[in-house]
Amino acid sequence: MKIRTVTFFKENNSGAVLQAYALSHYLALLGNDVEILNYDPFWSGRIKDSNSLKDRVKAVLLYPHHKNVGRKYRLFREKFLSMTPIVRSVEDIEELSDCDVYIAGSDQIWNPYLLGCMDDIFFLNFTTNARKMSYAASYGRDDFSEEYLKKVAQLTSDYSSISVRENNFKTALNPLVGQDVECVSDPVFLLNAEEYRRIKKEPKLSGYLLIYTKSYTDDIWEYARYIARKRNLKIVDTSKIFKKKGVNFVRANIGPEDFLGLIDGADFVLTNSFHGTAFSIILEKNFYALSAGAANARIESLLEHLDLKDRQIIKGANFEISDIDYNKIVQQRLKYTGMARSFLEKSLLGLRDN
């Protein structure tokens, strides 16, 4: 079948790009012809960049850094992702050649606070002869309004199957749609460690603790220094452009391949990122996850699914460093990934039969 996925993948963020890669790659492994809809809401002009003097000055100063990082992401997309021509509107999509299935997801494509609206394109609200479904589409919040849920139910009324990423979203949406909503894992769990090791870039480092975070806090640094001292490890920081005192190496100019290599090569990972946590688990690394604000519910849910709740550091709680015995969570991992793969395979088989 010819499948188009509709998701975030243009942001220079390893989690966003790799989740898009994972879903399209897994669908291709199942024998499908897969491409990603080349759409970015920022192109539409609807989402505006900040125009403050401070942000303009910062953008100028950081331009060389962002240019270097952007190049790495552009090359990754060109190398590993099959994309449609650029589309900026529903009308552009309706002019594309036919496909058999559109899949909405994953990531927070159904979060109107993030996008400024309920984007018709991410809800597949356009004219097509293709069948429609969602995979791990996310709202990303807990405050579901009745109006929002009714609108989602309306926009997905012609979907052949619906799955979301958060269990609370499933529970809230289920009574309003005419089918069972499934809760499935983030797409990165569809692939095994060897699939990612094939595309990683080996770091020229060894014996290190990796800090991977999108929101740097003092407690992350304090825990990193404590663990590194206890385990005799260097500290590698990906979140700062300039080296903080006590950090041995800074690796801020990284793309997706660098990200995978740095996690796979680490002796320990300290993160408050969902995808930092996810890839630490997939690549079977020792890690700790710290409180992550808005992303915390996603991390907590993931750790609970895999019986790894003790890997979350609660600020102020007693803390002792320990290693993870991944052999003890084999069954939980198989169940977690198996449910997602089963959903996709059964959904697509049902479409073939029809």
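All values derive from a computational prediction rather than experimental measurement. (Residues numbered from 1 in each chain as written. Predicted model: local features only at pLDDT ≥ 70, side-chain atom pairs only at ≥ 80, totals over all residues. Heavy atoms only, no water.)

1. A look at the packing of aromatic side chains
For the coordinates displayed, the defined rule picks out 21 aromatic pairs. Ring geometry for Phe-144 versus Phe-169: centroids 5.4 Å apart, planes at 15°, classification stacked. Separated by 25 residues along the polypeptide, Phe-144 in the loop between β5 (131-134) and α6 (146-155) and Phe-169 in helix α7 (residues 167-173) bring together distant segments of the chain. Following the ring pairs from residue to residue traces out a cluster consisting of Trp-110, Tyr-113, Phe-123, Tyr-139, Phe-144, Tyr-148, Tyr-159 and Phe-169. The residue whose ring lies beneath Arg-165 is Phe-274, and the NZ or CZ to ring-centre distance is 5.8 Å. In this structure, Arg-311 packs its charged tip against the face of Tyr-288, placed 4.1 Å from the ring centre. (Phe/Tyr/Trp six-rings, centres within 6.5 Å; stacked < 30°, edge-to-face > 60°. Helix = DSSP H or I, 4+ residues; strand = E, 2+ residues; numbered from the N terminus. Lys NZ or Arg CZ within 6 Å of the ring centre and 35° of its normal.)

2. Side note on the pattern of salt bridges
Tallied over the full model, the rule gives 15 salt bridges. A salt bridge links Arg-165 to Glu-166; the shortest N-O distance between them is 3.5 Å. Both residues of the pair, Arg-165 and Glu-166, count as buried. The shortest N-O distance in the salt bridge between Lys-200 and Asp-264 comes to 2.5 Å. Remark: Asp-264 occurs in helix α10 (residues 256-265) and Lys-200 occurs in the loop between α8 (193-197) and β8 (208-212); sequence separation between them is 64 residues. Its relative accessible area of 11% is what places Asp-264 among the buried residues. Beyond isolated ion pairs, a larger network of salt bridges with shared partners links Glu-194, Arg-197, Lys-200, Glu-202 and Asp-264. (Salt bridge = Lys/Arg side-chain N within 4 Å of Asp/Glu carboxyl O. Buried < 20%, exposed > 50% of the residue type's maximum accessible area, 1.4 Å probe, protein only.)

3. Focus on the sheet that holds strand β10 (residues 249-250)
Ordered in space as β10-β9-β8-β11-β12-β13, the six strands form an open sheet in which the pairing is parallel. Each end of this open sheet is capped by a strand with a single partner; those strands are β10 and β13 (312-313). As defined by bridge partners, β8 adjoins strand β11 (residues 268-271) across four bridges and the pair is classed as parallel. Residue pairing for β11: Ile-211 is matched across the bridge by Leu-270. The sheet strands contacting helix α9 (residues 218-231) are β8, β9 (234-237), β11, β12 (287-290) and β13, and the helix crosses β11 at an angle near 170°. Sitting on the sheet, α10 is in contact with β8, β9 and β11, with an inclination near 135° to β8. (Pairing = 2+ DSSP bridges. Contact = heavy atoms within 4.5 Å. Axes fitted to C-alpha atoms, helices over the stretch in contact; angles between N-to-C directions.)

4. Quick look at the sheet that holds β5
In spatial order, the strands read β3-β2-β1-β4-β5; together these five strands make up an open sheet with parallel pairing. Edge positions in the open sheet fall to β3 (83-87) and β5, since each of these has one partner strand only. Across this sheet, the average inter-strand angle for adjacent strands is 25°, counted without regard to direction. Across four bridges, the pairing between strand β1 (residues 2-6) and strand β2 (residues 33-39) is parallel. Bridge pairing in β2 links Ile-3 to Val-34. Strands in contact with helix α1 (residues 14-29) are β1, β2 and β4 (101-104); relative to β2, the strand with the most contacts, it is inclined by about 155°.

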